[in-house]
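# A structural walkthrough
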Amino acid sequence: MQPAPALLTSFLLLPLLIPGKSQLVGSTAPRAAESGTLRCVVDLPSNSTLAQHLERLQRAVQELAGKYEQAVSRARDYALSIEDQENQALEVNQRLESRNPRTTASLYENPAFNLLYLELEAVQELAAQLKTKGGLSGTADLLHQLQGQVTNASLALKLLAESDLRSSRALQQEVEVLDGRLSECELEKEREQASRYPRPPLAPGSCAHGGLQKVSRPLVLKLNWRGFSHKAGAWGRDSAPNPPSSLYWVAPLRADGRYFDLYQLHKSYNDLVLLKHYEQWKMGYGDGSGNTVYQNFMYFNYYGTNDMAKVDLSSNTLVLRRPLPGATYNNRFSYAGVPWTDLDFAGDEKGLWVLYATEESKGNLVVSRLNDSTLEVEQTWLTSQYKPALSGAFMACGVLYALRSLSTRQEEIFYAFDTSTGQERRLSILLDKMLETLHGINYCPWDHKLYVYNDGFLMTYDLTFLMLPRPPVKKPSGVQAPLEPIMPNKPSRT
């Protein structure tokens, strides 16, 4: 490469000898001297404008040379910065992969790619500006090559980002599949442990388990006593953990699916099946199928209001009526396909509950634990589930289980909310059904069954809870097993 002064001098002399332009320098034919040397004579005009023109050209060339050096320096800095960012990305990627493989995909959403795009565009614009300002052929070729390289780098960066994004998404999908398989393996391991350490059946009213595991096929008992046209209603047993009696109750609504006016009480299962020795009472002011019975009192939504009503079943007397603060009513946020279920009462091992929605919750399901004597709200929890998207819900051991309809013949328990911890989790427990709509769902802690009113038919489901494995029995330290007695040798006969 020529030194900088020589290159600058050649740049200065180039515009003076451009063919087809007006010449500022005159030349004569070369002449040979007597000594044999060749001499070139250049006649320069004495006009002062020549010096001014040369100065302007020199300043222009210096300016272009300075910009060229700046562009080269920036390109080097960009190359170094890109290399540093790639190294940092590799380090962060390795750290994140060692902690959690799921976070790998987040690297490709980092704005570093956008920053590189902007920097390359700035270099490309600068090269274009230098190309338009410079009138030198050598510099123009160099700038054209630089501009092409920047364009190629931008295209390569774009392809790299798209390829890495596709790879990260594919990796994320594989990780999700592996997580699903891992969850299945963990569940299978829990089942294997539960079968390896068998325990006696769950005691009535006991919560010594790890949550709901499965639901049996439905047992269809009979059609309700008012007939097939009364598709909406509820039925069950006393939902207290230690009920005062083995009472069964059936409460079909009117044919309009809203008005609760009659109910029957049966003292035993045989009486219910054979429809004998029953008591029939007229109510006349209930709304919907969210009824339940707890400690021999029936709780329901008072007609046309957000009031909670409490009736003594021993005398059919309305003993208490109290509004539920903030609860919507008149079919505002009912379950999907089950109208007029604004207030859904439930009982379990932990007490009396009411499930509802408010305008403040934007229709999401709200769980409140009630004082069964005064109907005052003791504590409230807000869930993430939109109540009209659910087909029903029930409580068991203080855990809310929500259902959704999969088809006309199958439901799914897909969501659980533990009120003791405030934690929610996803489930997939399937329920078969005879007809399309499950109207009233009531859980009984005494026999761990669901009592469901399915389009006029009375059905039950047996619930199976995950049994906790027995801890291994440890022998007390320092205690040795008793020694077996040594039997004396029998004398041998001689």
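Residues numbered from 1 in each chain as written. Predicted model: local features only at pLDDT ≥ 70, side-chain atom pairs only at ≥ 80, totals over all residues. Heavy atoms only, no water.

### Re the state of the cysteines
Quick note on the threshold: For this text, the term disulfide refers to a pair of cysteine sulfurs within 2.5 Å. Labels follow the DSSP assignment, with helices taken as runs of H or I lasting at least four residues and strands as runs of E lasting at least two, numbered in each case from the N terminus. A simple rule labels every residue: compare its accessible area, found with a 1.4 Å probe on the protein chains alone, to the largest value its type can have, and call it buried under 20%, exposed over 50%, or partly exposed in between.
This model, assessed by the stated rule, comprises 1 disulfide. The disulfide that involves Cys 207 links it to Cys 397, with 2.1 Å between the sulfurs. For the disulfide bridge between Cys 207 and Cys 397, the dihedral angle about the S-S bond is near -100 degrees, and by the sign convention the bridge is left-handed. One end of the pair, Cys 207, is in the loop between helix 4 (137-196) and strand 5 (212-215); the other, Cys 397, is in the loop between strand 18 (392-396) and strand 19 (399-407), and 190 residues separate them in sequence. For Cys 207, a relative accessible area of 28% puts it in the partly exposed group.

### A closer look at empty space enclosed by the protein
We count it as follows: Site definitions follow a grid-based scheme: protein atoms alone, a 1 Å grid, a 1.4 Å probe that fits but cannot get out for cavities, and for pockets an open set with protein on both sides within 12 Å along at least five of seven lines, plus lining residues having an atom within 4 Å of a point. Grid points are joined across faces, edges and corners, and a volume is the space filled by probe spheres set on the points.
For the structure shown, the criterion picks out 3 cavities of 30 Å³ or more. For the largest cavity, the calculated volume is near 50 Å³. Lining the largest cavity, in full, are Ser 289, Gly 290, Tyr 335, Thr 341, Asp 344, Ser 391, Gly 392, Ala 393, Leu 438, His 439, Gly 440 and Ile 441. Listing elements by their share of the lining of the largest cavity, those giving two or more residues are strand 10 (278-294), strand 18 and strand 22 (438-444).

### What to know about the pairing of strand 22
The line we're drawing: By definition, two strands form a pair when at least two bridges between them are found by DSSP.
Counting buried residues in strand 22 gives 7 out of 7 residues, a clear majority hidden from the surface. Linking strand 22 to strand 23 (residues 449-454), which pair antiparallel, is a turn of 4 residues; within it His 448 sits at a positive phi near 55 degrees.

### Re the sheet that holds strand 12 (residues 307-312)
Think of a sheet as strands paired side by side through backbone hydrogen bonds, with each pair either parallel or antiparallel. Defined as follows: Lines fitted to C-alpha atoms define the axes, with helix axes restricted to the stretch in contact, and inter-axis angles between N-to-C directions lie between 0 and 180 degrees.
Pairing is antiparallel across the open sheet formed by 7 strands, whose spatial order is 7-8-9-10-11-12-13. With partners counted over all chains shown, the strands left at the sheet margins are strand 7 (233-237) and strand 13 (317-323), one partner each. On average, adjacent strands in this sheet sit at an angle of 30 degrees to one another, irrespective of strand direction. Relative to strand 9 (residues 259-266), strand 8 (residues 248-252) runs antiparallel, the two being bridged by 3 bridges. Pairing of Tyr 248 across the sheet is with His 266, part of strand 9.

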